[in-house]
Each structure stands twice: as structure tokens, then as C-alpha cells.
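Next come the chains, spelled out residue by residue.
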Amino acid sequence: MLLEASDLSLFTSKTAIVPMQLEDKKYRIYVYNPDNVYIRAEIHSKRNVENVESVSKYPLMPAPLIKLLKHKGIGDGAMAYLSTVVDESAKATGFVAKVPPIAMSIFDVTVE
């Protein structure tokens, strides 16, 4: 099933993604790479991410969980954002997907 209108902005990324809802808290996310090189795509969620599982035919590596951190930017005091890898005991807000050239990787994501 496609996401309901209230869930359309649940996941964000600078890379092309298509999220689909599988169950109550489980989503399948298709991550597309149109480039001729491997990319590391950051996918962020508005809810905490509990688990990420690659369901691609040839998974490249486990997708590390990340958390988006705010910190003071340089100069005018603007807020900047950095992503950092978290361990299983921390609350993750996203993950990093490695995607092969001109291809797609597929992930099942469970959120809180």
C-alpha cells in the first residue's frame, strides 16, 4: 500500500526515494541512484528508526543507523546539521544506504 497523505513526509533524503507502507510500523524504501558511481544516501525519518534490513538481491553492506545532530554553524550563528552513526542503544533517526551505480537498493525499515 502507498503511504497515506499524513505519512508522505515521514522519510526524507537528498536522493530519490519511494517509501511504501507494509505494516503498521514497517516501511519498504526504494533508494534510486542515477549516477555512474556508488553513492551513500542518507535517509532520515520523523520517527525513531528501530531496525533497517536490506532486501535487495545483492545487499552491499548493513545500513548503519544515524542520528541527525544540530550544532552551531560557522559565522552568523545559524544552525547546521551533522549526521553521526549511533549504536543500538541510542535513538536513531535514519540510516545510510550504499547504492550501486544506475541501480536501486531496497530496505525494510521499522519505526517507533
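Provided above is the structure to which this section pertains.
Reading the values: rules and limits
Per-chain numbering applies: the sequence of each chain, read as written, is numbered from 1 onward. Predicted model: local features are reported for residues with pLDDT of at least 70 only, side-chain atom pairs are reported and counted for 80 or more only, and whole-chain, interface and lining totals are derived from all residues. Processing note: side-chain calculations cover all non-hydrogen atoms of the structure and skip hydrogens and water entirely. The secondary structure listing takes helices from DSSP runs of H or I that are at least 4 residues long and strands from runs of E that are at least 2 residues long, numbered from the N terminus. Relative accessible area decides the class of each residue, using a 1.4 Å probe on protein chains only: under 20% of the type maximum gives buried, over 50% gives exposed, and in between gives partly exposed. Throughout, a contact is declared for two residues whenever any of their heavy atoms are within 4.5 Å. What qualifies as a polar contact is a pair of N or O atoms within 3.5 Å, subject to a donor-acceptor requirement within protein and to the restriction that residues adjacent in sequence count only when both atoms come from side chains. Patches here are clusters of residues that have more than 30% relative accessible area and form no salt bridge, with a 9 Å joining cutoff for like charges and a 5 Å cutoff for nonpolar side chains (Val, Leu, Ile, Met, Phe, Trp, Tyr). To be clear on the numbers: accessible area is Shrake-Rupley with a 1.4 Å probe, and residue cover counts the displayed protein chains and nothing else. Salt bridges are identified by distance alone: a Lys or Arg side-chain nitrogen within 4 Å of an Asp or Glu carboxyl oxygen. For this analysis, a ring pair means two rings from Phe, Tyr or Trp (six-membered ring only for Trp) whose centres lie within 6.5 Å, classed as stacked if their planes differ by under 30 degrees, edge-to-face if by over 60, and tilted for the remaining angles. By definition here, charges over rings are those cases where NZ of Lys or CZ of Arg is within 6 Å of the ring centre and within 35 degrees of the ring normal.

Can you walk me through the overall build of the protein chain in this structure?
When you go through the protein chain residue by residue, the secondary structure sums to 0 helices and 8 strands. The secondary structure elements of the protein chain, listed N-terminal to C-terminal, are β-β-β-β-β-β-β-β. When burial is assessed residue by residue, the protein chain has 34% of its 112 residues classed as buried. Contacts in the protein chain between residues far apart in sequence, at least 24 positions, make up 64% of those at least 6 positions apart.

Can you help me understand the side chain of S56 in this one?
Its place among the elements puts S56 in the loop between β4 (39–54) and β5 (65–72). Among the polar contacts made by the side chain of S56, one reaches the main-chain amide nitrogen of I106 at a distance of 2.7 Å. For S56, the contacting residues outside a window of four places in its chain are M104, S105 and I106.

I would appreciate a short explanation of a nonpolar patch on the surface in the present structure.
A cluster of nonpolar side chains, Y32, I102 and M104, forms an exposed patch at the surface whose accessible area comes to about 290 Å². For I102, the position within the fold is in the loop between β7 (92–99) and β8 (103–111).

Explanation requested: the pattern of salt bridges in the structure shown.
It is possible for side chains of opposite charge to pair when their charged atoms get near one another. Following the criterion strictly, the structure yields 2 salt bridges and no others. The partner of R28 in a salt bridge is D108, with the nearest N and O atoms 2.7 Å apart. Linking R28 in strand β3 (residues 26–33) with D108 in strand β8, this pair joins segments that are 80 residues apart in sequence. We classify D108 as buried; its relative accessible area is 7%. For K91, the salt bridge goes to E112, with nearest N and O atoms at 3.0 Å. Here K91 is found in the loop between β6 (79–85) and β7, whereas its partner E112 is found in the segment after β8, with 21 residues between them in sequence.

Explain the side chain of H44 here, please?
Along the polypeptide, H44 turns up in strand β4. A distance of 2.9 Å separates polar atoms of two side chains, one belonging to H44 and the other to E42.

How should I be thinking about the packing of aromatic side chains in this particular structure?
When we look at a pair of aromatic rings, we describe it by the centre distance and by the angle of the planes. All chains considered together, the criterion is met by 2 aromatic pairs. Measuring from ring centre to ring centre gives 5.3 Å for F95 and F107, while their planes differ by 55°; the resulting arrangement is tilted. Placement of the pair is F95 in strand β7 and F107 in strand β8, with a sequence separation of 12 residues. As far as the burial class goes, F95 and F107 line up, both buried. One residue, K98, lies across the ring of Y38, its end atom 5.3 Å from the ring centre.

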